[in-house]
2 protein chains.
Amino acid sequence: MGADIWTPPTVLLAVDLVILTLRDSRLQVLLVERGIDPHRGALALPGGFLSDVTEDIPSAAERELAEEAGLDAAGLHLEQLSVYGTPGRDPRGRVVSVAYLAIAPRLPEPVAGTDAANAWWTPTDVALADHTRLAFDHRQIIVDGIERARSKLESSALATAFCSPEFTITELQQVYEAVWDVTLDPRNFYRKVQSVDGFIVPAGPTRKTENGRPARLFRAGPHTVLHPPMTRPPRPADMARTPA
Amino acid sequence: MGADIWTPPTVLLAVDLVILTLRDSRLQVLLVERGIDPHRGALALPGGFLSDVTEDIPSAAERELAEEAGLDAAGLHLEQLSVYGTPGRDPRGRVVSVAYLAIAPRLPEPVAGTDAANAWWTPTDVALADHTRLAFDHRQIIVDGIERARSKLESSALATAFCSPEFTITELQQVYEAVWDVTLDPRNFYRKVQSVDGFIVPAGPTRKTENGRPARLFRAGPHTVLHPPMTRPPRPADMARTPA
DNA sequence: ACCACTTCCTGTCAGTCTGACAGGAAGGCT
DNA sequence: AGCCTTCCTGTCAGACTGACAGGAAGTGGT
């Protein structure tokens, strides 16, 4: 406890975005190729530093969402994920990054074409494969983001954020199946989803054609917390290990 | 896209701690009285700036836990809560605070006596009462911390962190009742808690006396996620309206 | 028009879980 | 021994879940 004038250290503040969507019935994450050092050429999450010292952190996340992903934050689920600030994670200095989780509906196919056009949707299993080179600690951030999405699918209406404003129950089921990496019984899923109060509401008498019998359309209901929650079937891979 | 040399802005990084415990069958939070401006004299969460630019953020949280609360981080649940960095939340500059949620077992009664002795356990309803003056945005941080604890009691074994290493089922029930602010049926609670795989395990043939029949002792089991989860009964305040 | 095929949706049924309630077990105290 | 306290085991009806069958509503082929 010296009596000298001590001033607290300063850090560089960044935001990183885990943007998830459903394409080809697979969970995909948006990655960009880094054009500058460090980690030039490696894949990374969209993100960047605060533009100026007066910028709000959620605003920075929305700005990066538009600049690097070409996505409009309006009508897009965006929530804070966690903070990553281990010393040495960025060689440029002490960088503390606030990670955000964004969920994009499947519709906006063309992500590129905007400012930073070198962005690709990547299936999550590919992004997390051993041979994929990810910058910084972005691998861990992606893992955390996916786990957050998996968890929130149980207790919240987050699944509707993966869908267009109007969607069928089958589409909703595909969200659960892709994110949880399971297969669900359609009949039980129909029953369960419609019994949860305020989860989804019928969207007019409209219907939608594709191949078989037309499906009814729904939209997100008024409730964001699910009572009772959706139950995730136990994955066979989760064998319990007992730490001593 | 200017060609000028742009340097990202720097911010001051702080940690704040929401430390919850159970005292007198009530959920209580540790608050300190601020001795310096801004908000001198107001109540605040324990916390402070990073000590130096090389300090890890979790380490800073543990250091503040020891310095301001006199608690040892070992064997204490500590998890990151969220980040609070709205411009203007601190008049000294752009301060971004990483909030942590800590759960303390009921035993360590004397919190004071250490470096910063002006720390008190405060029932959460008192801390959040309208007449209580809380510094900065700490009211919101406390609300978020309590909600996190409430939520995690459902799906994780967090409740055991409120208890001594060995505890009775009744003590565990009091945790749920205090945090959720509900009353639970002891008989159903016994059945439920013991049926959840790996939640609690019997702790030897030991017993513990107090007033009536001795209670069996348990300790935390190997699993930290609960299958199936504990279900929180709907609070009477949430009157559901059933649309026709 | 009819059939084959696709997808969507409704029903049934047994096992399990939940909420409500009764009553016995095991201590201390007078 | 009684009486009080607290702990714990049982029972039972209703709700929920997982597994499975079969009808409803479209499209396309012949």
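Calculation rules
Residues numbered from 1 in each chain as written. Chains lettered and ligands numbered in written order. Predicted model: local features only at pLDDT ≥ 70, side-chain atom pairs only at ≥ 80, totals over all residues. Heavy atoms only, no water. Contact = heavy atoms within 4.5 Å. Buried area = accessible area lost by both parts, 1.4 Å probe. Salt bridge = Lys/Arg side-chain N within 4 Å of Asp/Glu carboxyl O. Polar contact = N/O pair within 3.5 Å; in protein donor to acceptor, adjacent residues only side chain to side chain. Helix = DSSP H or I, 4+ residues; strand = E, 2+ residues; numbered from the N terminus. Nonpolar A, V, L, I, M, F, W, Y, C, P; charged D, E, K, R; others polar. Pairing = 2+ DSSP bridges. Near = heavy atom within 4 Å. Phe/Tyr/Trp six-rings, centres within 6.5 Å; stacked < 30°, edge-to-face > 60°. Buried < 20%, exposed > 50% of the residue type's maximum accessible area, 1.4 Å probe, protein only. Domains from an automatic or database assignment.

Participant: A description of the interface of chain B and chain A should follow, citing residues and the corresponding values.
Facilitator: Residue-level contacts link 30 residues of chain B with 31 residues of chain A. Summing both sides of the interface, chain B and chain A together bury roughly 2,700 Å²; the carbon and sulfur share of this comes to 64%. There are zero salt bridges connecting chain B and chain A. Our enumeration of links across chain B and chain A arrives at 11 residue pairs in polar contact (both at pLDDT 80 or more). Secondary structure elements with two or more residues in the side of chain B that touches chain A: β1 (10-23), β5 (77-84) and β6 (95-103) of chain B. Examining the composition of the side of chain B that touches chain A, we find that four residues originate from one element, β1 of chain B, more than from any other. In terms of residue class, the side of chain B that touches chain A is built from 17 nonpolar, eight polar and five charged. Here strand β1 (residues 10-23) of chain A pairs with β1 of chain B via three bridges, running antiparallel. If you follow Val11 of chain A over to β1 of chain B, its bridge partner there is Val11 of chain B.

Participant: How would you summarise the pattern of salt bridges if you had to cite specific residues and measurements?
Facilitator: Inspection of the entire model under this criterion finds 25 salt bridges over all chains. Arg26 of chain A is the partner of Asp125 of chain A in a salt bridge, and the nearest nitrogen-oxygen pair spans 3.2 Å. Taken as a pair, Asp125 of chain A in helix α2 (residues 124-127) and Arg26 of chain A in strand β2 (residues 26-33) lie far apart in primary sequence, 99 residues in all. Between Arg232 of chain B and Glu154 of chain B there is a salt bridge, and its shortest N-O distance comes to 2.9 Å. Note that Arg232 of chain B is positioned in the segment after β9 (215-220) and Glu154 of chain B in helix α3 (residues 138-155), a separation of 78 residues in sequence.

Participant: Break down the protein's contact with DNA strand D for me, citing the residues and quoting the values.
Facilitator: As a structural note, the neighbourhood of DNA strand D is formed by 18 residues, with Arg187 and Arg191 of chain A together with Arg187, Tyr190 and Arg216 of chain B the closest of them. At a separation of 3.1 Å, a base nitrogen of DNA strand D approaches a polar side-chain atom of Arg213 of chain A. With respect to DNA strand D, the backbone of Arg216 of chain B contributes an N or O atom lying 2.7 Å from a phosphate oxygen. Elements with a minimum of two residues in the surface near DNA strand D: α5 (186-195) of chain A together with α5 (186-195) and β9 of chain B. When residues of the surface near DNA strand D are assigned to their parent elements, the largest contribution, four residues, is made by α5 of chain A. Among the residues making up the surface near DNA strand D, the classes are represented as four nonpolar, six polar and eight charged.

Participant: An account of the packing of aromatic side chains is requested, with residue identities and associated values reported.
Facilitator: Tallied over the full model, the rule gives four aromatic pairs over all chains. Relative to Phe189 of chain B, the ring of Tyr176 of chain B has its centre 5.6 Å away and its plane inclined at 65 degrees; by these criteria the two rings are edge-to-face. Of this pair, Tyr176 of chain B sits in helix α4 (residues 169-180) while Phe189 of chain B is found in helix α5, placing the two residues 13 residues apart along the sequence. Take Phe189 of chain B: its relative accessible area is 5%, and that puts it in the buried class. Clustering of aromatic rings is evident, with ring pairs tying together Tyr176, Trp180 and Phe189 of chain A.

Participant: Talk me through the pairing of strand β7 (residues 119-123) of chain A; I want residue IDs and the actual numbers.
Facilitator: Residues and elements named next belong to chain A. Burial runs high along β7: four of the five residues are buried. Of the strand pairs in this sheet, β2 and β7 are connected by five bridges, and their pairing is antiparallel. The residue bridging Gln28 from the neighbouring strand is Pro123, located in β7.

Participant: Residues and numbers for the domain arrangement of chain A, please.
Facilitator: Residue and element names in this part refer to chain A. You can read the domains of chain A as domain 1 (12-151) and domain 2 (156-241). Tallying the contact residues gives 16 residues for domain 1 and 13 residues for domain 2. The junction of domain 1 with domain 2 conceals about 1,300 Å² of combined surface from both sides, 62% of it contributed by carbon and sulfur atoms. Contact with domain 2 buries surface across domain 1, with Leu22, Arg106 and Arg150 losing the most and accounting together for 43% of the total. Between the two partners, domain 1 and domain 2, sit one salt bridge. For Glu147, the salt bridge identified is with Arg232, shortest N-O distance 3.9 Å. Elements that contribute at least two residues to the side of domain 1 that touches domain 2 include exactly β1, β2 and α3 (138-155).

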